[in-house]
Amino acid sequence: MPELPEVEVVRRGLARWVRGRTITAVDVLDSRSIRRHGLGTEDFIGNLEHATVMDVVRRGKFLWMPLAMDTLGSVDSTLPKVALMAHLGMSGQLLMQDPHVPDEKHLKVRICLSPVDGMPEQLRFVDQRIFGGLFVTSLVPTSDGGPGGLGETPLPEIAEEASHIARDPLDPCFSFDTFYRKVKSRKTGLKRALLDQSVISGIGNIYADEALWRARLHYARPTDTLRRGDAARLVEAAQDVMNAALAAGGTSFDSLYVNVNGDSGWFSRNLNVYGLAGHPCKRCETPIVREKFMNRSSHFCPVCQRKRSSKTR
């Protein structure tokens, strides 16, 4: 499943190629990929054709494109009311292609864009496993009055489906004080809190393990024992690991995650702990341990990341 850095890589690519362009035509080749659009194919197409993509915004792993509607031949200058939401699922890809490029085997939706010199004219949604999809959704005001997420413009709106989640570590409006207050109020383990989208969004299993290793914190440490300095170190570690992943184009373990140009990321070569059970810790050379965690796994160094009980304050 793509995590925040992978989705941000896609967002940046889309912002470069589609922002400001008008959707001229939409071709739905497999209606299963728009199943989240409850009003059906015709309504989906009708909401997109002749709309202009105003921005590409991300909060956590949610990605959406605010749309301005064409009103009597001109673009509506008021705040966008709807957006095209993209859910990548396990294998969804958003690819920019020229019309002459043959269709991909698992092409589901083709969106044609107004021509711009030197830019591909089609945005294609490709999805082998069909866990992802596209749909049109409403935009609602943000609860704090700030931008909906990380985008090119500070629109104070957010896709309705993303309005319940907290800001992510790369969001310019991320509040450490809010994060720390939420973490301290939980009675749970630290990694569970990191994966709770109402506490902090965008952190999945891979980057949680990596951030905890960098911060020298055990994944099961009770959140009520977390000091402010520990929390600050953890947030900084999460930001560092995600920025490093962004610089590498994300983490790709197979060919299913790619950016808008079809290229895979290579941050998997730089992982310090995730998937490295039995390998020596890069700090102290103690073998990395893997333990079962929420139907998944946690990877940690038993020396660098000692568990702290709730009685030890």
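This write-up is about the structure you can find in this document. (Residues numbered from 1 in each chain as written. Predicted model: local features only at pLDDT ≥ 70, side-chain atom pairs only at ≥ 80, totals over all residues. Heavy atoms only, no water.)

### Thoughts on the overall build of the chain
Across its full length, the chain carries six helices and 14 strands. Per-residue burial for the chain yields a buried fraction of 54% across its 313 residues. Partitioning the contacts of the chain with sequence separation of at least 6, the portion at a separation of at least 24 is 63%. Working note: accessible area of the chain is about 14,000 Å², and carbon and sulfur atoms make up 50% of it. (Helix = DSSP H or I, 4+ residues; strand = E, 2+ residues; numbered from the N terminus. Buried < 20%, exposed > 50% of the residue type's maximum accessible area, 1.4 Å probe, protein only. Contact = heavy atoms within 4.5 Å. Areas by Shrake-Rupley, 256 points an atom, 1.4 Å probe, with all protein chains shown as cover.)

### So, the environment of Lys108
Summarising the element assignment, Lys108 is placed in strand E9 (residues 107–113). For Lys108, the residues in contact, after removing those within four places along its chain, are Asp27, Val28, Leu29, Asp30, Arg32, Ser33, Phe125, Val126, Asp127 and Ile130.

### Some details on the sheet that holds E9
A sheet is described by the order of its strands in space; here four strands give the open sequence E1-E9-E10-E8, paired in antiparallel fashion. Looking at strand neighbours, the two that pair on one side only are strand E1 (23–28) and strand E8 (92–97), the edges of this open sheet. The mean angle between the axes of side-by-side strands here comes to 15 degrees, regardless of whether they run parallel or antiparallel. Two elements, E9 and strand E10 (residues 122–127), share five bridges in a ladder whose sense is antiparallel. The residue of E10 that forms the bridge with Arg110 is Arg124. Here helix H1 (residues 4–18) sits on the sheet in contact with E8, E9 and E10, set at roughly 30 degrees to E8. Along the sheet, helix H2 (residues 41–48) contacts E1 and E9; its crossing angle with E1, the most-contacted strand, is approximately 160 degrees. (Pairing = 2+ DSSP bridges. Axes fitted to C-alpha atoms, helices over the stretch in contact; angles between N-to-C directions.)

### Let's talk about the nonpolar core
One finds Phe179, Leu194 and Leu234 to be the most contacted residues of the largest nonpolar core, which totals 35 residues. Sort the elements by how many residues they give to this core and helix H6 (residues 228–247) lands first, with nine residues. Ignoring sequence-local partners within four residues, the contact set of Leu194 consists of Phe179, Ile200, Ile203, Ala208, Leu212 and Leu234. (Core = buried A, V, L, I, M, F, W, Y, C linked by side-chain atoms within 4.5 Å.)

### Observations regarding the packing of helix H5 (residues 205–215) against H6
Two elements in contact, H5 and H6, have axes whose closest approach is 8 Å; the angle formed by their N-to-C orientations is 125 degrees. The angle between H5 and H6 falls in the class oblique. For the pair H5 and H6, the crossing hand works out as right-handed. Facing H5, whose interface residues are Tyr207, Glu210, Ala211, Leu212, Arg214 and Ala215, H6 presents Arg233, Leu234, Ala237, Ala238, Asp240, Val241, Met242, Ala244 and Ala245. (Parallel < 35°, antiparallel > 145°, perpendicular 65-115°, else oblique. Left-handed = near helix turned anticlockwise from the far one by under 90°.)

### Side note on the packing of helix H3 (residues 176–185) against H6
Between H3 and H6, the shortest axis-to-axis distance is 11 Å and the interhelical angle comes to 120 degrees. One element, H3, and the other, H6, form an angle in the oblique class. As H3 runs across H6, the sense of the crossing is right-handed. Contact residues: H3 offers Phe176, Asp177, Phe179 and Tyr180, while H6 offers Arg228, Ala231, Ala232 and Val235.

### Remarks on the packing of aromatic side chains
Throughout the structure, instances matching the rule amount to five aromatic pairs. Relative to Tyr180, the ring of Phe176 has its centre 6.0 Å away and its plane inclined at 10 degrees; by these criteria the two rings are stacked. Here the residue Phe176 and the residue Tyr180 both occupy positions in helix H3, the gap between them amounting to four residues, near one helical turn. Aromatic side chains Tyr219 and Phe293 sit 5.6 Å apart centroid to centroid with 85 degrees between the ring planes, which places their arrangement in the edge-to-face category. Remark: Phe293 occurs in strand E13 (residues 289–293) and Tyr219 occurs in the loop between H5 and H6; sequence separation between them is 74 residues. Under the relative-accessibility criterion, Tyr219 is labelled buried at 10%. An aromatic cluster of at least three residues, connected via ring pairs, comprises Phe174, Phe176, Phe179 and Tyr180. The ring of Trp213 carries the charged tip of Arg283 above its face, separated from the ring centre by 3.9 Å. (Phe/Tyr/Trp six-rings, centres within 6.5 Å; stacked < 30°, edge-to-face > 60°. Lys NZ or Arg CZ within 6 Å of the ring centre and 35° of its normal.)

### Observations concerning the pattern of salt bridges
For side chains bearing opposite charge, pairing can occur when the charged atoms are close. Scanning the model with the defined rule gives 19 salt bridges in all. Close ionic contact of Asp196 with Arg186 constitutes a salt bridge, the shortest N to O distance being 3.6 Å. Placement of Asp196 in the loop between helix H4 (190–194) and H5 and of Arg186 in the loop between H3 and H4 is noted, with a sequence separation of 10 residues between them. When its relative accessible area of 26% is taken as the criterion, Asp196 is described as partly exposed. Taking relative accessible area as the criterion, Arg186 reaches 25% and is therefore assigned partly exposed. Among the salt bridges present, the one from Arg233 reaches Asp230, with a minimum N-O distance of 3.3 Å. A residue pair is termed a helical-turn pair when its members lie 3 or 4 positions apart in one helix, as Arg233 and Asp230 do in helix H6 at three residues. (Salt bridge = Lys/Arg side-chain N within 4 Å of Asp/Glu carboxyl O.)

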